[in-house]
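Each chain, written out:
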Amino acid sequence: MKIGLLGFGVVGRGVYDLTATRDDMKVAKVVCLEDVTLPDAEVTKNFQDVLCDDTIDTVVEAMGGLHPAYEFVRAAIEAGKHIVTSNKALVASFYDELIPLAKEKGVCFRCTAAVGGGIGWLSELERARRMQTIEKVGGIMNGTCNYILDSMTRLGLTYADALSQAQALGYAEANPTTDVEGIDTWHKVILSSNIAFGISLDTDTVPVAGISKIKASDVENFTAHGLVCKLISTGKCQDGKVSAYVQPTLVKQGEPESAVPANYNLITFVGAASGRMSFYGQGAGRYPTAYNVVQDCADVLAGKGFYSPYGEKVAAKNTDVLSYYVSGAADSWLKDNTQETWGDAIITKPVSVEEMHAWRKANPEAFIAAFAEN
Ligand code: HSE
């Protein structure tokens with residue numbers, strides 16, 4: 001395999017290092033805007049040097065972002081090159097174009113590192129779904145948010161200090177807003193649901209709430225009540241009805257999710273035959289993520305295409321009813337739906353996920369966290 005590597009940041013550099021000693025694959029060209037010199041790969045600023053090189057059979061996209069990653073990947077598929085990417089924003093946003101196009105052109109398209117960093121989550125989901133109906137996917141899918149929440153809970157760090165550390169360790173996206181507002185997790189649960197349920201989720205119907213408004217006083221409240229806050233994604237398919245959402249969630253101390261430390265992820269599917277299966281590992285960072293990219297390259301060598309057949313567009317209906325912790329806002333809707341108060345914070349009566357997220361959209365300064373379903 002001759003690889004054209006797009007991007008030489010945290011993940012790209014890791015891919016270069018991990019392939020350096022292999023004899024079944026080689027990074028032949030690297031597209032990178034910085035001035036980098038590599039002993040055994042040509043470095044270019046021009047993507048056309050990869051696209052027009054017929055000896056390059058596989059493009060590894062590790063640039064991140066939507067543009068020009070989309071244009072480059074699309075052109076590479078059109079040119080008959082296999083694609084390996086760690087870019088969940090790209091795959092979730094252009095699912096309806098890229099997945100059918102890859103099939104039409106007969107090229108492999110792998111993106112295991114896009115969800116769970118180094119965890120073999122999508123690759124196992126591929127195997128799981130061919131044997132059984134998958135009823136549920138989700139869990140802790142963002143290393144940066146988990147690092148921040150864990151540092152605030154266990155070490156008493158401020159939100160700002162914990163975020164700076166996560167950035168310094170290379171966990172955060174180029175724009176950390178994507179992590180802390182839950183967008184990264186949103187992309188990951190959409191992609192996981194698409195593969196698990198054989199659909200193409202209408203992204204506009206998947207609500208997301210992030211962690212950026214959490215304060216030390218909220219964390220103190222949770223600890224006092226034996227709860228731990230985690231950013232948790234949910235994708236469910238029951239009786240043909242799909243629901244999907246991302247939100248801070250309060251889990252009881254002692255539950256598996258409550259113990260997940262640092263940049264680790266804990267991702268779960270529930271299958272009709274297998275029941276609950278959970279996957280735990282480093283969800284972010286250079287070598288864990290690059291490890292899964294190189295695994296995908298090996299899968300391409302083995303002729304593996306995408307993880308599931310492309311499925312029809314489906315809108316999520318989020319009628320699940322949950323109680324929520326709310327801080328940092330007060331209005332008549334909240335007053336009417338108050339069940340109890342914890343200091344300045346409010347615990348709501350059970351309300352639908354849809355209703356709660358609609359309220360939060362109108363109150364962006366509020367912090368909300370759902371009580372986990374039993
Ligand atoms: N920024 C992401 C995270 C990287 O923190 O999980 C891995 O997708």
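These remarks concern the structure in this document.

Formed by 77 residues in total, the largest nonpolar core has its most connected members in Phe-109, Trp-121 and Leu-191. For this core, the element with the most residues is helix 10 (residues 183–197), which contributes 7 residues. Each of domain 1 (2–110) and domain 2 (139–280 + 316–371) accounts for three or more of the residues forming this core. In this structure Leu-191 touches Val-91, Tyr-95, Cys-111, Ala-114, Val-115, Leu-122 and Phe-306, once residues within four positions along its chain are discounted. Core analysis: the second largest hydrophobic core is formed by 23 residues, Phe-8, Met-25, Leu-38 and Val-300 among them.

Among the structural elements, Met-152 can be located in helix 7 (residues 143–154). What makes Met-152 buried here is its relative accessible area of 7%. C-alpha separation for the pair Met-152 and Asn-46, spaced 106 residues apart in sequence, amounts to 43 Å. When near neighbours in sequence (up to four residues on either side) are disregarded, Met-152 contacts Leu-157, Thr-158, Tyr-159, Ile-214, Lys-215, Ala-216 and Val-219.

This model, assessed by the stated rule, comprises 21 salt bridges. Of the charged contacts, one joins Lys-45 and Asp-35 as a salt bridge, the two residues approaching to 2.7 Å between their closest N and O atoms. Of this pair, Lys-45 sits in the loop between strand 3 (42–44) and helix 2 (48–51) while Asp-35 sits in the loop between strand 2 (26–31) and strand 3; the two residues are 10 residues apart in sequence, bridging distant segments of the chain. Residue Asp-184 pairs with Lys-88 through a salt bridge whose shortest N-O separation is 3.5 Å.

Taken together, Lys-88, Asn-142, Gly-143, Thr-144, Tyr-171, Ala-172, Glu-173, Asp-179, Asp-184, Lys-188, Gly-283 and Ala-284 make up the full set of residues adjacent to the ligand. Gly-143 places a polar main-chain atom, nitrogen or oxygen, 2.7 Å from an oxygen atom of the ligand. In the model, a nitrogen atom of the ligand is placed 2.7 Å from a nitrogen or oxygen of the Glu-173 side chain. In the complex, the protein chains occlude 95% of the 260 Å² of accessible area that the ligand would expose alone. Those elements giving two or more residues to the shell around the ligand turn out to be helix 7 and helix 10.

Cut-off values and rules
- Residues numbered from 1 in each chain as written.
- Predicted model: local features only at pLDDT ≥ 70, side-chain atom pairs only at ≥ 80, totals over all residues.
- Heavy atoms only, no water.
- Core = buried A, V, L, I, M, F, W, Y, C linked by side-chain atoms within 4.5 Å.
- Buried < 20%, exposed > 50% of the residue type's maximum accessible area, 1.4 Å probe, protein only.
- Helix = DSSP H or I, 4+ residues; strand = E, 2+ residues; numbered from the N terminus.
- Domains from an automatic or database assignment.
- Contact = heavy atoms within 4.5 Å.
- Salt bridge = Lys/Arg side-chain N within 4 Å of Asp/Glu carboxyl O.
- Near = heavy atom within 4 Å.
- Polar contact = N/O pair within 3.5 Å; in protein donor to acceptor, adjacent residues only side chain to side chain.
- Areas by Shrake-Rupley, 256 points an atom, 1.4 Å probe, with all protein chains shown as cover.

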